[in-house]
Amino acid sequence: MELTVVIVNYRVKYLLEQTLRSVEQAMQGMAGEVIVVDNLSQDDSIAFSRERHPQVTYIENAENVGFARANNQAIMQARGQYTLILNPDTIITPRCLQEGIAWMGSHPKCGAIGARMMDGNGVFLPESKRSFPTPWVSFCKIFGLSKLFPRSPLFAKYHLRYLSDKEPQHIDILSGAYMLCRTEVLQALGGFDEDFFMYGEDIDLSYRIVKSGYENWFLPTPMVHYKGESTHKDSMRYVRVFYDAMLIFYRKHFPRFNVIFYPIVKLGVMVRAAMSVAKRMVKRLLPRKSRPSSESWPWVIISDRAQDVANRAGISDYTEALPESGRCNVLLDDGCYDYTRIVDYILNHSDSGHRAYHIYANRHNTIISPKMS
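Please read these numbers as outputs of a predicted model, since none were measured by experiment.

Summed over all chains, the structure comprises zero disulfides. The thiol of Cys-110 is not disulfide-bonded; the next cysteine sulfur, from Cys-181, is found 9.1 Å away.

Set out below in C-alpha cells:
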C-alpha cells in the first residue's frame, strides 16, 4: 500500500466531508487507505461522512483525547509506505500527493514534506514553512521583532518569510495541517508526543524527525487550509495555550535553557495579554469605520449551470463574470469543477480582503465557507 491518510475530526461536519472528497480525487489510481478519528464531535459528522464515504475507516472516541493522541491511534495502524497527516478543513489535489511522493523517492533523506498552504480566500499561510523555535527565534516572535522585520534572516526566522514560497525549501518545521511522512520514520518515533494537547505537537515531531537524521522540506504545491477561527490569535486562550506548548517543548528539548527561558515566556505572555486588552480598549474608544460585511457583497457564481446553482443555494442576484475590482463573494461549483481547478482558481484570482471564496457542495446542497471553521 502506497499511502495512508490520517484525519482527526472535531465538529467540522461539512468541511470534513469536503476534505474526504478532495482526498478521494487526489488518490485516484493510488493504492491507499483513509482513516478518520473523531474526538467526540457530537454533531453527526461521522454518520454524515460514513454515508457518503463508506470505504473510509472511522475511529470514534468516547472523549476528546486531543490532536496528538487521536492521530497516534491511526498512525500506529497505518499500512501505507507514506502517511499523510491532514486537517479536516483542507482541500488537496492530486499534485500534492504526486509531487510529494516523487520528492520522497528522489530524496532518501527526506523524512517529511509540507505544502504551500493558503487560506480559503487564497492568502498564503506563513506557517507553511518555519524554523525551529530556538531561544533567539522564540524571543523575536514573542516580542514582535519578527513582525517588525518580516524579511530579515536575523529577526524573522520563525516563519522564514525571507525564503521564497514559490520554490522547494529545506526547512525545519512543518504544519500539522499537512505533513506527508515516511510511515516507518513516523512509527519509529512513536508519532506525536501526547503531552501536547493542542499546538506545539507538530513542532516537536518535526524536531524529532530532524534529530533522527532526516530532513523536512517545503514544496510549493498549492492547497487550501481553512484554518479554524475558533481560537483567535489575539485571544487570551490562544496566548496561554500556545506559549504553554512552547514551555513543554523547551522542557523536553532544551532543559538547560529552562531557568532563562521560562521567565522570558511568562513575560511574553503578560506582554501579549496586555497588548490584547489594550487593543480591545482602543477599538471600543475609537469610532468604528463603516466597512461592509462580506454578507452584503454581491455574488459571482462560477459554474456551467449558474442559474440552477443560484436557485438551489437561494441566491437571487448574481453575475457569472468575475469583476476586475471591487468586493464580491465568489461561489465555485464543485459539481462542475474538480478540486484541482477550484484550488488553482482561488490561487490565481486571489485579491486579499476583496474576494471571499465559497464552494457549492452539489451533493448535499451546501455552501462551504471559510467561516464554517
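As summarised here, the arrangement of the five strands in space is 11-10-12-13-14, forming an open sheet in which the pairing is mixed. Because the sheet does not close on itself, it has two edges, and the strands there are strand 11 (318–319) and strand 14 (366–368). One ladder, built from three bridges, connects strand 13 (residues 355–361) with strand 14; its direction is antiparallel. Paired with Ala-361 across the strands is Thr-366, a residue of strand 14.

Tallied over the entire structure, the rule returns seven aromatic pairs. Ring centres of Tyr-14 and Phe-48 lie 5.3 Å apart, and the angle between their planes is 80°; on these two criteria the pair is classed as edge-to-face. With Tyr-14 in helix 1 (residues 13–26) and Phe-48 in helix 2 (residues 45–52), this pair connects stretches of sequence that are 34 residues apart. Exposure remark for Phe-48: the relative accessible area of 9% places this residue in the buried category. Pairwise contacts between aromatic rings join Trp-136, Phe-149 and Phe-155 into one cluster. When the ring centre of Phe-48 is taken as reference, the NZ or CZ atom of Lys-13 above it lies at 4.7 Å.

Along strand 2 (residues 32–38), six of the seven residues are buried, which leaves the element largely enclosed by surrounding structure. Relative to strand 2, strand 1 (residues 3–9) is paired through seven bridges, and the arrangement is parallel. Looking at strand 2, one finds that Val-6 is bridged to Ile-35. Each parallel crossover has a hand, and the one from strand 1 via helix 1 to strand 2 is right-handed. Examined bridge by bridge, strand 2 and strand 3 (residues 57–60) share four bridges and lie parallel to one another. Across the sheet, the residue bridging to Val-37 is Ile-59, located in strand 3. In this fold, strand 2 hands off to helix 2, which returns the chain to strand 3; that crossover is right-handed.

A separate point is a nonpolar patch on the surface. Taken together, the side chains of Trp-136, Phe-139 and Leu-154 define a hydrophobic patch exposed on the protein surface, amounting to about 280 Å² of accessible area. Within the fold, Phe-139 resides in helix 5 (residues 135–142). According to the relative accessible area criterion, Phe-139 is partly exposed, its value standing at 30%.

What follows deals with the pattern of salt bridges. It is possible for side chains bearing opposite charge to pair when their charged atoms get close. The full count for this structure, using the stated rule, is 16 salt bridges. Among the salt bridges present, the one from Asp-334 reaches Arg-21, with a minimum N-O distance of 3.4 Å. Separated by 313 residues along the polypeptide, Asp-334 in the loop between strand 12 (328–333) and helix 12 (339–348) and Arg-21 in helix 1 bring together distant segments of the chain. For Arg-21, a relative accessible area of 22% puts it in the partly exposed group. Asp-333 is the salt-bridge partner of Arg-305, the closest N and O atoms lying 3.0 Å from each other. Taken together, the residues Arg-305 in the loop between strand 10 (299–302) and helix 11 (306–313) and Asp-333 in strand 12 connect sequence positions 28 residues apart. Owing to a relative accessible area of 24%, Arg-305 belongs among the partly exposed residues under this scheme. Here the salt bridges do not stand alone but share partners, grouping Glu-17, Arg-21, Asp-334 and Arg-363 into one network.

Conventions we followed
- Residues numbered from 1 in each chain as written.
- Predicted model: local features only at pLDDT ≥ 70, side-chain atom pairs only at ≥ 80, totals over all residues.
- Heavy atoms only, no water.
- Disulfide = S-S within 2.5 Å.
- Pairing = 2+ DSSP bridges.
- Helix = DSSP H or I, 4+ residues; strand = E, 2+ residues; numbered from the N terminus.
- Phe/Tyr/Trp six-rings, centres within 6.5 Å; stacked < 30°, edge-to-face > 60°.
- Buried < 20%, exposed > 50% of the residue type's maximum accessible area, 1.4 Å probe, protein only.
- Lys NZ or Arg CZ within 6 Å of the ring centre and 35° of its normal.
- Right-handed = clockwise from strand over helix to strand, strands pointing away.
- Patch = residues over 30% accessible without salt bridge, like charges linked within 9 Å, V, L, I, M, F, W, Y side chains within 5 Å.
- Areas by Shrake-Rupley, 256 points an atom, 1.4 Å probe, with all protein chains shown as cover.
- Salt bridge = Lys/Arg side-chain N within 4 Å of Asp/Glu carboxyl O.

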